[in-house]
Amino acid sequence: MTEEPQTLILVGFMGAGKTTVGREIARQHQSQFLDLDLAIEQKAGMTIPEIFKSEGEAHFRQLEEAVVKESVTFPGVVATGGGVVENEKNRQTLKDSDAVVIYLHGNLEGTIGRLLADGQRPLLQKESTISFFKRWQKRDPLYQEVADYVVETVGKTPARIAAEIVALFSGQADDLTLTTLRSQIDALDRQIFDTIAERIGVVRAVAAYKQKVNLAVRQPERMVSMKANLKADYRQNDNITDDLIDALMATLLEYSMAREEEDIQKGQL
Ligand SMILES: Nc1ncnc2c1ncn2[C@@H]1O[C@H](COP(=O)(O)OP(=O)(O)O)[C@@H](O)[C@H]1O
Ligand SMILES: O=C(O)C1=C[C@@H](OP(=O)(O)O)[C@@H](O)[C@H](O)C1
Ligand SMILES: [Mg+2]
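Along each chain, numbering runs from 1 in the same order as the chain's sequence is written. Following the order in which they are written, the chains are lettered starting with A and the ligands numbered starting with 1. The predicted origin of the model limits local features to residues at a pLDDT of at least 70 and limits the giving and counting of side-chain atom pairs to 80 or more, whereas totals for whole chains, interfaces and linings rest on all residues.

You'll find the protein chain entered in an unreviewed UniProt entry as Shikimate kinase, with Eupransor demetentiae given as the organism. UniProt positions are given in the numbering used here, feature names are shortened, and annotations may be inferred rather than shown by experiment. In its Function (unreviewed entry) section, the UniProt record describing the protein chain reads: "Catalyzes the specific phosphorylation of the 3-hydroxyl group of shikimic acid using ATP as a cosubstrate." The record in UniProt for the protein chain states the following under Pathway (unreviewed entry): "Metabolic intermediate biosynthesis; chorismate biosynthesis; chorismate from D-erythrose 4-phosphate and phosphoenolpyruvate: step 5/7."

Visitor: Where do I start with the domain arrangement of the protein chain in this structure?
Guide: A common way to state how big an interface is: give the accessible area lost once the parts meet. Domain segmentation is taken from an automatic or database assignment of domains. Here the protein chain is partitioned into domain 1 (7-174) and domain 2 (192-268). One C-alpha centre belongs to domain 1, the other to domain 2, and the line joining them spans 41 Å.

Visitor: Would you mind going over the UniProt feature "binding site: Mg(2+)" (unreviewed entry) in the protein chain with me for this structure?
Guide: Here, the residues flagged by UniProt with the feature "binding site: Mg(2+)" (unreviewed entry) are Thr19. On the secondary structure map, Thr19 appears in helix H1 (residues 18-29). Whether a residue is buried, exposed or partly exposed is read from the other C-beta atoms within 10 Å of its own C-beta, which are placed from the backbone; 20 or more gives buried, 12 or fewer gives exposed, and intermediate counts give partly exposed. Taking the number of C-beta atoms within 10 Å as the measure of exposure, Thr19 has 20 and is therefore buried. The contact criterion used is a C-beta to C-beta distance within 7 Å, with each C-beta placed from the backbone. If near-sequence neighbours (up to four positions away) are discounted, Thr19 is found in contact with Asp35 and Ala79. The numbering of helices and of strands both runs from the N terminus, where a helix is a DSSP run of H or I of at least 4 residues and a strand a run of E of at least 2.

Visitor: What should I look at first to understand the sheet that holds strand E3 (residues 76-79) in this one?
Guide: Remark on secondary structure: sheet strands pair via backbone hydrogen bonds, oriented parallel or antiparallel. Pairing is parallel across the open sheet formed by five strands, whose spatial order is E2-E3-E1-E4-E5. Both edges of this open sheet fall to strand E2 (32-35) and strand E5 (149-152), since each of them pairs with a single strand only. When strand polarity is set aside, the average angle formed by the axes of neighbouring strands in this sheet is 25 degrees. Of the pairings in the sheet, the one linking strand E1 (residues 7-11) to E3 comprises four bridges and is parallel in character. Bridge assignment links Leu10 to a residue of E3, and that residue is Ala79. The strands touched by helix H8 (residues 129-146) within the sheet are E1, strand E4 (100-105) and E5, with E4 carrying the most contacts at an inclination of about 150 degrees. Paired strands, as defined in this entry, are two strands with at least two bridges between them according to DSSP. To define axes, lines are fitted to C-alpha atoms, for helices over the stretch in contact only, and angles between the resulting N-to-C directions are given on a 0 to 180 degree scale.

Below is the structure:
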(Lines give C-alpha, C1' and ligand atoms only; values in the text may rest on other atoms or scores of the structure.)
(Ligands and ions follow the chains in the order given, each with its own letter.)
Protein backbone atom coordinates (compact mmCIF):
# COMPACT_ATOMS: atom_id res chain seq x y z
CA MET A 1 0.00 0.00 0.00
CA THR A 2 1.91 3.01 -1.17
CA GLU A 3 -1.01 5.28 -2.02
CA GLU A 4 -2.38 7.31 0.86
CA PRO A 5 -5.95 6.35 1.71
CA GLN A 6 -8.64 9.02 1.87
CA THR A 7 -10.19 7.31 4.88
CA LEU A 8 -8.47 5.35 7.62
CA ILE A 9 -10.78 3.47 9.98
CA LEU A 10 -9.66 1.99 13.30
CA VAL A 11 -11.49 -1.02 14.71
CA GLY A 12 -10.84 -3.10 17.81
CA PHE A 13 -12.12 -3.98 21.24
CA MET A 14 -13.20 -1.29 23.71
CA GLY A 15 -10.09 0.08 25.37
CA ALA A 16 -7.85 -0.95 22.44
CA GLY A 17 -6.89 2.71 22.01
CA LYS A 18 -8.92 3.56 18.88
CA THR A 19 -9.87 7.04 20.12
CA THR A 20 -6.42 7.87 21.54
CA VAL A 21 -4.42 6.45 18.63
CA GLY A 22 -6.83 7.89 16.03
CA ARG A 23 -6.43 11.37 17.49
CA GLU A 24 -2.64 10.90 17.56
CA ILE A 25 -2.50 9.75 13.89
CA ALA A 26 -4.53 12.81 12.90
CA ARG A 27 -2.12 15.02 14.87
CA GLN A 28 1.02 13.42 13.40
CA HIS A 29 -0.40 13.29 9.90
CA GLN A 30 -2.22 16.63 10.11
CA SER A 31 -5.52 15.14 9.03
CA GLN A 32 -9.07 15.35 10.38
CA PHE A 33 -10.36 13.03 13.07
CA LEU A 34 -13.83 11.61 13.64
CA ASP A 35 -14.82 9.53 16.68
CA LEU A 36 -18.04 7.63 16.00
CA ASP A 37 -18.94 7.44 19.70
CA LEU A 38 -18.72 11.24 19.86
CA ALA A 39 -20.75 11.59 16.66
CA ILE A 40 -23.46 9.39 18.22
CA GLU A 41 -23.43 11.43 21.44
CA GLN A 42 -23.81 14.63 19.44
CA LYS A 43 -26.72 13.22 17.41
CA ALA A 44 -28.50 11.93 20.51
CA GLY A 45 -27.69 14.91 22.71
CA MET A 46 -26.72 12.43 25.47
CA THR A 47 -23.63 10.57 26.62
CA ILE A 48 -23.23 6.88 25.71
CA PRO A 49 -24.00 5.64 29.25
CA GLU A 50 -27.15 7.82 29.17
CA ILE A 51 -28.24 6.41 25.78
CA PHE A 52 -27.77 2.83 27.04
CA LYS A 53 -29.69 3.65 30.22
CA SER A 54 -32.64 5.59 28.82
CA GLU A 55 -33.03 4.20 25.25
CA GLY A 56 -31.34 0.80 25.47
CA GLU A 57 -28.51 -0.82 23.54
CA ALA A 58 -30.65 -1.56 20.44
CA HIS A 59 -31.29 2.16 19.94
CA PHE A 60 -27.58 2.88 20.38
CA ARG A 61 -26.78 0.27 17.70
CA GLN A 62 -29.24 1.95 15.26
CA LEU A 63 -27.52 5.29 15.72
CA GLU A 64 -24.19 3.53 15.33
CA GLU A 65 -25.19 1.92 12.01
CA ALA A 66 -26.05 5.34 10.59
CA VAL A 67 -22.75 6.95 11.59
CA VAL A 68 -20.72 3.97 10.30
CA LYS A 69 -22.32 4.45 6.84
CA GLU A 70 -21.40 8.13 6.85
CA SER A 71 -17.87 7.50 8.11
CA VAL A 72 -16.52 5.41 5.21
CA THR A 73 -16.05 8.50 3.04
CA PHE A 74 -14.78 10.76 5.81
CA PRO A 75 -11.61 12.54 4.64
CA GLY A 76 -9.32 11.56 7.52
CA VAL A 77 -9.05 9.18 10.46
CA VAL A 78 -12.09 7.49 12.02
CA ALA A 79 -12.24 5.75 15.42
CA THR A 80 -15.16 3.33 15.63
CA GLY A 81 -16.78 1.93 18.78
CA GLY A 82 -15.74 -1.60 19.75
CA GLY A 83 -19.17 -3.07 18.95
CA VAL A 84 -19.48 -2.01 15.28
CA VAL A 85 -18.42 -5.41 13.97
CA GLU A 86 -21.21 -7.29 15.74
CA ASN A 87 -23.64 -5.84 13.18
CA GLU A 88 -23.38 -7.67 9.86
CA LYS A 89 -24.45 -4.58 7.91
CA ASN A 90 -21.60 -2.58 9.43
CA ARG A 91 -19.12 -5.29 8.49
CA GLN A 92 -20.39 -5.22 4.90
CA THR A 93 -20.20 -1.42 4.83
CA LEU A 94 -16.59 -1.52 6.01
CA LYS A 95 -15.58 -4.29 3.59
CA ASP A 96 -17.31 -2.66 0.59
CA SER A 97 -15.74 0.73 1.24
CA ASP A 98 -12.51 2.15 -0.17
CA ALA A 99 -11.42 3.01 3.37
CA VAL A 100 -8.38 1.27 4.82
CA VAL A 101 -9.46 -0.56 7.98
CA ILE A 102 -6.90 -1.20 10.73
CA TYR A 103 -7.49 -3.59 13.62
CA LEU A 104 -5.77 -2.41 16.80
CA HIS A 105 -5.05 -5.74 18.47
CA GLY A 106 -4.28 -5.95 22.16
CA ASN A 107 -4.43 -8.41 25.02
CA LEU A 108 -7.26 -9.05 27.45
CA GLU A 109 -5.30 -8.26 30.59
CA GLY A 110 -4.10 -4.81 29.48
CA THR A 111 -7.48 -3.92 28.03
CA ILE A 112 -9.46 -4.79 31.16
CA GLY A 113 -6.98 -2.84 33.29
CA ARG A 114 -7.47 0.29 31.20
CA LEU A 115 -11.23 -0.01 31.08
CA LEU A 116 -11.54 -0.43 34.83
CA ALA A 117 -9.47 2.72 35.28
CA ASP A 118 -11.76 4.75 33.05
CA GLY A 119 -15.27 3.43 33.95
CA GLN A 120 -17.05 4.89 30.88
CA ARG A 121 -18.09 1.66 29.13
CA PRO A 122 -21.65 0.63 30.04
CA LEU A 123 -21.15 -2.90 28.69
CA LEU A 124 -18.23 -3.54 31.02
CA GLN A 125 -20.07 -2.35 34.09
CA LYS A 126 -22.75 -5.02 33.97
CA GLU A 127 -20.59 -7.86 32.70
CA SER A 128 -18.72 -10.66 34.47
CA THR A 129 -15.11 -11.43 33.53
CA ILE A 130 -16.24 -14.63 31.80
CA SER A 131 -18.83 -12.99 29.56
CA PHE A 132 -16.33 -10.19 28.85
CA PHE A 133 -13.86 -12.86 27.71
CA LYS A 134 -16.57 -14.50 25.58
CA ARG A 135 -17.32 -11.14 23.97
CA TRP A 136 -13.61 -10.79 23.24
CA GLN A 137 -13.44 -14.23 21.60
CA LYS A 138 -16.55 -13.60 19.57
CA ARG A 139 -15.35 -10.27 18.24
CA ASP A 140 -11.72 -11.08 17.43
CA PRO A 141 -12.48 -12.94 14.15
CA LEU A 142 -14.96 -10.22 13.19
CA TYR A 143 -12.31 -7.49 13.49
CA GLN A 144 -9.96 -9.72 11.46
CA GLU A 145 -12.68 -10.13 8.82
CA VAL A 146 -13.07 -6.40 8.17
CA ALA A 147 -9.43 -5.35 8.60
CA ASP A 148 -6.90 -4.65 5.87
CA TYR A 149 -4.10 -4.52 8.47
CA VAL A 150 -3.67 -5.79 12.02
CA VAL A 151 -1.47 -3.64 14.24
CA GLU A 152 -0.22 -5.18 17.51
CA THR A 153 -0.49 -2.65 20.34
CA VAL A 154 0.76 -4.56 23.42
CA GLY A 155 3.57 -2.66 25.15
CA LYS A 156 3.49 0.25 22.68
CA THR A 157 2.62 3.85 23.48
CA PRO A 158 -0.21 5.50 21.51
CA ALA A 159 2.38 7.74 19.82
CA ARG A 160 4.42 4.68 18.72
CA ILE A 161 1.33 2.91 17.36
CA ALA A 162 0.30 6.06 15.50
CA ALA A 163 3.81 6.42 14.00
CA GLU A 164 3.67 2.78 12.88
CA ILE A 165 0.37 3.40 11.12
CA VAL A 166 1.53 6.65 9.52
CA ALA A 167 4.62 4.76 8.22
CA LEU A 168 2.31 2.19 6.60
CA PHE A 169 1.12 4.86 4.22
CA SER A 170 4.34 6.62 3.44
CA GLY A 171 5.61 3.92 1.12
CA GLN A 172 7.63 2.17 3.83
CA ALA A 173 5.40 -0.89 3.96
CA ASP A 174 3.50 -2.55 1.17
CA ASP A 175 3.59 -6.18 2.19
CA LEU A 176 0.62 -7.08 4.40
CA THR A 177 2.14 -10.25 5.87
CA LEU A 178 5.50 -8.66 6.64
CA THR A 179 3.86 -5.56 8.12
CA THR A 180 1.70 -7.64 10.44
CA LEU A 181 4.61 -9.83 11.57
CA ARG A 182 6.85 -6.83 12.17
CA SER A 183 4.14 -5.18 14.20
CA GLN A 184 4.09 -8.28 16.42
CA ILE A 185 7.90 -8.28 16.73
CA ASP A 186 7.92 -4.62 17.76
CA ALA A 187 5.31 -5.35 20.44
CA LEU A 188 7.27 -8.36 21.73
CA ASP A 189 10.48 -6.31 21.92
CA ARG A 190 8.69 -3.84 24.16
CA GLN A 191 7.40 -6.64 26.37
CA ILE A 192 10.95 -8.03 26.64
CA PHE A 193 12.33 -4.63 27.66
CA ASP A 194 9.46 -3.98 30.09
CA THR A 195 10.33 -7.31 31.72
CA ILE A 196 14.05 -6.47 31.78
CA ALA A 197 13.26 -3.12 33.39
CA GLU A 198 11.20 -4.94 36.03
CA ARG A 199 14.06 -7.43 36.55
CA ILE A 200 16.53 -4.59 37.09
CA GLY A 201 14.17 -3.12 39.68
CA VAL A 202 14.30 -6.42 41.61
CA VAL A 203 18.08 -6.64 41.16
CA ARG A 204 18.42 -3.23 42.81
CA ALA A 205 16.28 -4.40 45.71
CA VAL A 206 18.67 -7.36 46.01
CA ALA A 207 21.62 -4.94 46.02
CA ALA A 208 20.08 -2.94 48.87
CA TYR A 209 19.45 -6.14 50.85
CA LYS A 210 22.93 -7.58 50.21
CA GLN A 211 24.43 -4.34 51.45
CA LYS A 212 22.31 -4.49 54.60
CA VAL A 213 23.30 -8.07 55.46
CA ASN A 214 26.85 -7.67 54.13
CA LEU A 215 26.74 -10.24 51.33
CA ALA A 216 28.94 -10.20 48.21
CA VAL A 217 27.32 -9.01 44.96
CA ARG A 218 28.84 -11.83 42.93
CA GLN A 219 27.68 -15.30 43.92
CA PRO A 220 29.16 -17.65 41.26
CA GLU A 221 27.22 -20.78 42.31
CA ARG A 222 23.92 -18.88 42.02
CA MET A 223 24.81 -17.84 38.44
CA VAL A 224 25.62 -21.42 37.50
CA SER A 225 22.36 -22.78 38.94
CA MET A 226 20.25 -20.07 37.27
CA LYS A 227 21.57 -21.04 33.84
CA ALA A 228 21.29 -24.78 34.51
CA ASN A 229 17.66 -24.41 35.63
CA LEU A 230 16.76 -22.32 32.60
CA LYS A 231 18.30 -24.90 30.27
CA ALA A 232 16.33 -27.69 31.97
CA ASP A 233 13.05 -25.74 31.80
CA TYR A 234 13.46 -24.85 28.09
CA ARG A 235 14.84 -28.20 26.94
CA GLN A 236 11.66 -29.02 25.00
CA ASN A 237 11.55 -25.62 23.32
CA ASP A 238 13.32 -25.73 19.94
CA ASN A 239 13.48 -21.94 19.74
CA ILE A 240 15.56 -21.61 22.92
CA THR A 241 18.99 -23.25 22.70
CA ASP A 242 21.57 -23.60 25.48
CA ASP A 243 23.79 -21.20 23.56
CA LEU A 244 21.06 -18.58 23.55
CA ILE A 245 20.55 -18.98 27.31
CA ASP A 246 24.31 -18.65 27.90
CA ALA A 247 24.60 -15.55 25.71
CA LEU A 248 21.55 -13.70 27.01
CA MET A 249 22.16 -14.59 30.66
CA ALA A 250 25.79 -13.48 30.40
CA THR A 251 24.64 -10.05 29.20
CA LEU A 252 21.81 -9.79 31.73
CA LEU A 253 23.87 -10.96 34.70
CA GLU A 254 26.88 -8.80 33.84
CA TYR A 255 24.68 -5.73 33.48
CA SER A 256 22.74 -6.55 36.66
CA MET A 257 25.86 -7.04 38.79
CA ALA A 258 27.39 -3.83 37.48
CA ARG A 259 24.14 -2.07 38.43
CA GLU A 260 24.22 -3.65 41.92
CA GLU A 261 27.84 -2.58 42.43
CA GLU A 262 27.03 0.94 41.27
CA ASP A 263 24.13 1.17 43.75
CA ILE A 264 26.29 -0.16 46.58
CA GLN A 265 29.07 2.30 45.78
CA LYS A 266 26.61 5.19 45.75
CA GLY A 267 25.20 4.01 49.08
CA GLN A 268 28.67 4.05 50.58
CA LEU A 269 29.44 7.61 49.48
N1 LIG B 1 -1.22 1.99 23.80
C2 LIG B 1 -1.68 2.46 24.96
N3 LIG B 1 -0.89 2.45 26.05
C4 LIG B 1 -1.34 2.91 27.23
N5 LIG B 1 -2.59 3.41 27.43
C6 LIG B 1 -3.42 3.45 26.39
C7 LIG B 1 -3.02 2.98 25.10
N8 LIG B 1 -4.07 3.13 24.27
C9 LIG B 1 -5.06 3.65 25.00
N10 LIG B 1 -4.69 3.87 26.26
C11 LIG B 1 -5.53 4.39 27.36
O12 LIG B 1 -6.60 3.47 27.52
C13 LIG B 1 -7.83 4.16 27.70
C14 LIG B 1 -8.81 3.72 26.60
O15 LIG B 1 -8.35 4.21 25.35
P16 LIG B 1 -9.34 4.66 24.20
O17 LIG B 1 -8.53 5.36 23.17
O18 LIG B 1 -10.51 5.41 24.75
O19 LIG B 1 -9.81 3.24 23.65
P20 LIG B 1 -11.01 2.86 22.67
O21 LIG B 1 -11.42 4.10 21.94
O22 LIG B 1 -10.45 1.80 21.77
O23 LIG B 1 -12.08 2.32 23.57
C24 LIG B 1 -7.50 5.64 27.70
O25 LIG B 1 -7.36 6.05 29.04
C26 LIG B 1 -6.17 5.72 26.98
O27 LIG B 1 -5.39 6.81 27.43
O1 LIG C 1 -17.61 -2.44 22.55
C2 LIG C 1 -18.75 -1.90 22.55
O3 LIG C 1 -19.79 -2.54 22.30
C4 LIG C 1 -18.83 -0.45 22.85
C5 LIG C 1 -17.67 0.29 22.78
C6 LIG C 1 -17.63 1.74 23.08
O7 LIG C 1 -16.63 2.34 22.26
P8 LIG C 1 -15.04 2.10 22.48
O9 LIG C 1 -14.67 0.87 21.75
O10 LIG C 1 -14.36 3.32 21.93
O11 LIG C 1 -14.83 1.94 23.94
C12 LIG C 1 -18.99 2.38 22.84
O13 LIG C 1 -19.29 2.39 21.46
C14 LIG C 1 -20.07 1.63 23.60
O15 LIG C 1 -19.77 1.73 24.97
C16 LIG C 1 -20.15 0.15 23.16
MG1 LIG D 1 -13.22 5.11 21.69
